[in-house]
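# Report on the structure
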Amino acid sequence: MSLLLTDLINLNLSDYTDKAIAEYIWVGGNGMDLRSKAKTLPAPVTDPSKLPKWNYDGSSTNQAPGQDSEVILYPQAIFKDPFRRGNNILVMCDTYTPAGEPIPTNKRNAAAKIFSHPDVAAEEPWYGIEQEYTLLQKNVQWPLGWPVGGYPGPQGPYYCGIGADKAWGRDVVDAHYKACLYAGINISGINGEVMPGQWEFQVGPSIGISAADELWVARYILERITELAGVVVSFDPKPIPGDWNGAGAHTNFSTKSMRKEGGYEVIKKAIDKLGLRHKEHIAAYGEGNERRLTGRHETANINTFKWGVADRGASIRVGRDTHKEGKGYFEDRRPASNMDPYVVTSMVAETTILWKP
């Protein structure tokens, strides 16, 4: 019997050794480039505080100068590894100088401070993040299923569509869905999007900073799966100019006060505060978002703030159920698909709970 590469890749180490592999993951210098490397642990670990800190060459990720290049990784959250399986883990880390200062691209540290504020913690903020993305053909950087240099038929049949002429990349999408569930990510669903080759997954409801940890690791798993499948994932908010939908990361949010009787009044006050800080939020909601937020294709214009019930052309949408029941959650439709969830989730909490106009 000849040995195949897959036989070695699929070896179950727990049958032979107590050692485990930890894949340390961090966000690189451009704010969207996930990086990772692996280390052997003497035994399985389930608590991030029991993991050793590690380091990497920050000069190779645009996060440190060559003459002082060491950046320190602090383990923050552990997930099961769907690629190596067994007792092996994925570890979401954030990044510090050797002196213990968060480096400028470490957005988790500031978010953790907001989420640990007693007023925020008491409100138990829940998030549901809808991550849209586009699958591209590897060598031509053109959406999956599209004729190279050409266009498919106009939008209409593709949203939640099925069939070989409407849904391209479902194997990647479904592999990602199951891998996230295996990892322990609170992924709540997937669907095909309005533009062909574009898909969405949702993470949540998750509490506080765990929503952002889970979204980053879900993005990591997606990139690893596209690597295996030989396709490219794009988080560009408007990958194809013209009459095609952009890609967002709609962020659904509620607090304990919003979920209780009388919560609708709390929601309206929170939306008023978001309106007063519209410019600051837009500036933090993703690069290139002005190409997406045009007032067309289910968006509000980037310079306009408006909210409405069941209005997909609004900046903030309140669902019909929330309106009817007088409590629930709202959806911030402004964040772009390439937003940093640490920034967006903590900013929504800060503006609606802590900020005093």
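Quick note: structure is the one above.
None of the values given here were measured: they were computed from a predicted structure. Position numbers for residues count from 1 along each chain, tracking the sequence in the order it is written. Given that the model is predicted, a residue must reach a pLDDT of at least 70 before its local features are reported, and side-chain atom pairs must reach 80 or more before they are shown or counted; all residues, however, enter totals for whole chains, interfaces and linings. No hydrogens and no water enter the side-chain calculation; it runs on all heavy atoms of the structure.

### Looking at the environment of Trp-126
A run of DSSP states H or I qualifies as a helix once it reaches four residues; a run of E qualifies as a strand once it reaches two. Both are numbered from the N-terminal end. Tracing the backbone shows Trp-126 in strand β6 (residues 126-137). Between the C-alpha atoms of Trp-126 and Gly-156, which are 30 residues apart in sequence, the distance is 32 Å. Two residues qualify as a contact provided that any one of their heavy atoms is within 4.5 Å of a heavy atom in the partner residue. For Trp-126, the residues in contact, after removing those within four places along its chain, are Pro-205, Ser-206, Ile-207, Asn-252, Phe-253, Ser-254 and Arg-259.

### So, the packing of helix α2 (residues 108-115) against helix α10 (residues 341-354)
Axis angles are defined between N-to-C directions and span 0 to 180 degrees, where every axis is a line fitted to C-alpha atoms and, for a helix, only to the segment in contact. With their axes 9 Å apart at the nearest point, α2 and α10 run at an angle of 30° to one another. The orientation of α2 relative to α10 falls into the category roughly parallel. For α2 against α10, the interelement crossing comes out left-handed. Of the residues in α10, those in contact with Arg-108, Ala-111, Ile-114 and Phe-115 of α2 are Tyr-342, Thr-345, Ser-346, Ala-349, Glu-350 and Leu-354. Of the residues assigned to the contact of α2 with α10, the class counts are six nonpolar, two polar and two charged. Here the angle decides the label: under 35 degrees means roughly parallel, over 145 means roughly antiparallel, 65 to 115 means roughly perpendicular, and every other value means oblique. In this scheme the crossing of two helices becomes right-handed for a clockwise turn of the near helix relative to the far one and left-handed for an anticlockwise turn of less than a right angle. Three residue categories are used. Nonpolar comprises Ala, Val, Leu, Ile, Met, Phe, Trp, Tyr, Cys and Pro, charged comprises Asp, Glu, Lys and Arg, and polar comprises the others, including Gly.

### Things to note about the packing of helix α4 (residues 170-183) against helix α5 (residues 209-229)
The geometry of α4 relative to α5 is characterised by a closest axis approach of 9 Å and an angle of 135° between their N-to-C directions. As far as their axial angle goes, α5 and α4 are oblique. Note that α4 runs across α5; the crossing there is right-handed. Facing Val-172, Ala-175, His-176, Ala-179, Cys-180 and Ala-183 of α4, the residues of α5 in contact are Ala-218, Ile-221, Leu-222, Ile-225, Thr-226 and Ala-229. Considering only residue class, the contact of α4 with α5 consists of ten nonpolar, two polar and no charged.

### Points about α5
Residues spaced three or four apart along an α-helix point in a common direction, a consequence of the helix completing one turn every 3.6 residues. Compared with the 30 Å implied by 1.5 Å per residue over 21 residues, the 31 Å span of α5 between its first and last C-alpha is a close match. For the exposure calls, accessible area comes from a 1.4 Å probe over protein chains only, and a residue counts as buried if that area is under 20% of its type's maximum, exposed if over 50%, partly exposed in between. Summarising burial for α5: 15 of the 21 residues are buried, a large majority. Downstream of α5 by a residue or two, Gly-230 has a phi angle that is positive, lying close to 75°. In a helix, the anticipated span is given by 1.5 Å times the number of residues less one.

### Some remarks on the pattern of salt bridges
Think of a salt bridge as a Lys or Arg side-chain nitrogen and an Asp or Glu carboxyl oxygen that are within 4 Å of each other. Across all of its chains, the model carries 15 salt bridges by this definition. Arg-317 is the partner of Glu-331 in a salt bridge, and the nearest nitrogen-oxygen pair spans 2.6 Å. Of this pair, Glu-331 sits in strand β14 (residues 330-332) while Arg-317 sits in strand β13 (residues 316-318); the two residues are 14 residues apart in sequence, bridging distant segments of the chain. Grouping residues by exposure puts Glu-331 and Arg-317 together as buried. Measuring nitrogen to oxygen at the nearest pair gives 3.1 Å for the salt bridge that ties Arg-333 to Glu-331. On the basis of relative accessibility, which here comes to 4%, the residue Arg-333 falls in the buried class. Judged by its relative accessible area of 2%, Glu-331 falls in the buried class.

### Description of the nonpolar core
In this description, a nonpolar core means a group of buried Ala, Val, Leu, Ile, Met, Phe, Trp, Tyr and Cys residues linked to one another through side-chain atoms lying within 4.5 Å. Residues Met-92, Tyr-133, Leu-135, Ile-185, Phe-201, Ile-221 and Phe-330 are the most contacted members of the largest nonpolar core, which totals 69 residues. The element contributing the most residues to this core is α5, with eleven residues. Once residues within four sequence positions are removed from consideration, Met-92 is found in contact with Ile-25, Trp-26, Val-27, Tyr-74, Pro-75, Gln-76, Ala-77, Asp-213, Trp-216, Val-217 and Tyr-342. Grouped together as the second largest cluster of nonpolar side chains are 15 residues, Val-45, Trp-54, Val-91 and Cys-93 included.

### Section: the sheet that holds strand β5 (residues 89-96)
Hydrogen bonds between backbone atoms are what pair the strands of a sheet, whose relative direction is either parallel or antiparallel. Each pair of strands is called paired provided DSSP finds at least two bridges between the two strands. Taken in spatial order, the five strands of this open sheet run β2-β1-β5-β4-β3, and their pairing is mixed. Here the strands that pair on one side only, and so sit at the sheet edges, are β2 (34-41) and β3 (54-57). Strand after strand, the sheet turns through a mean of 40° between neighbouring axes, direction not considered. When strand β1 (residues 20-27) meets β2, the two strands line up antiparallel, connected through eight bridges. Its bridge partner lying in β2, Trp-26 is registered against Arg-35.

### A few points about the packing of aromatic side chains
Working definition: a ring pair exists when centres of Phe, Tyr or Trp rings (six-membered ring for Trp) sit within 6.5 Å. Plane angles under 30 degrees give stacked, over 60 give edge-to-face, the rest tilted. Counted under the stated rule, the structure contains 13 aromatic pairs. Centre to centre, the rings of Tyr-24 and Trp-54 are 5.1 Å apart; their planes meet at 80°, and the pair counts as edge-to-face. Pair noted here: Tyr-24 is in strand β1 and Trp-54 is in strand β3, with a separation of 30 residues, a long-range link. There is no split in this pair, since Tyr-24 and Trp-54 are both buried. Consider the rings of Trp-146 and Trp-244, whose centres lie 4.7 Å apart with planes at 45°: the pair is tilted. Remark: Trp-244 occurs in the loop between β10 (231-234) and β11 (249-254) and Trp-146 occurs in the loop between β7 (142-143) and α4; sequence separation between them is 98 residues. Given the relative accessible area of 8%, Trp-244 is considered buried.

### Details of the pairing of β3
Alternating residues of β3 divide into Trp-54 and Tyr-56, all buried, and Asn-55 and Asp-57, none buried. Where β3 and strand β4 (residues 70-80) come together, four bridges link them in antiparallel fashion. Paired with Trp-54 across the strands is Leu-73, a residue of β4.

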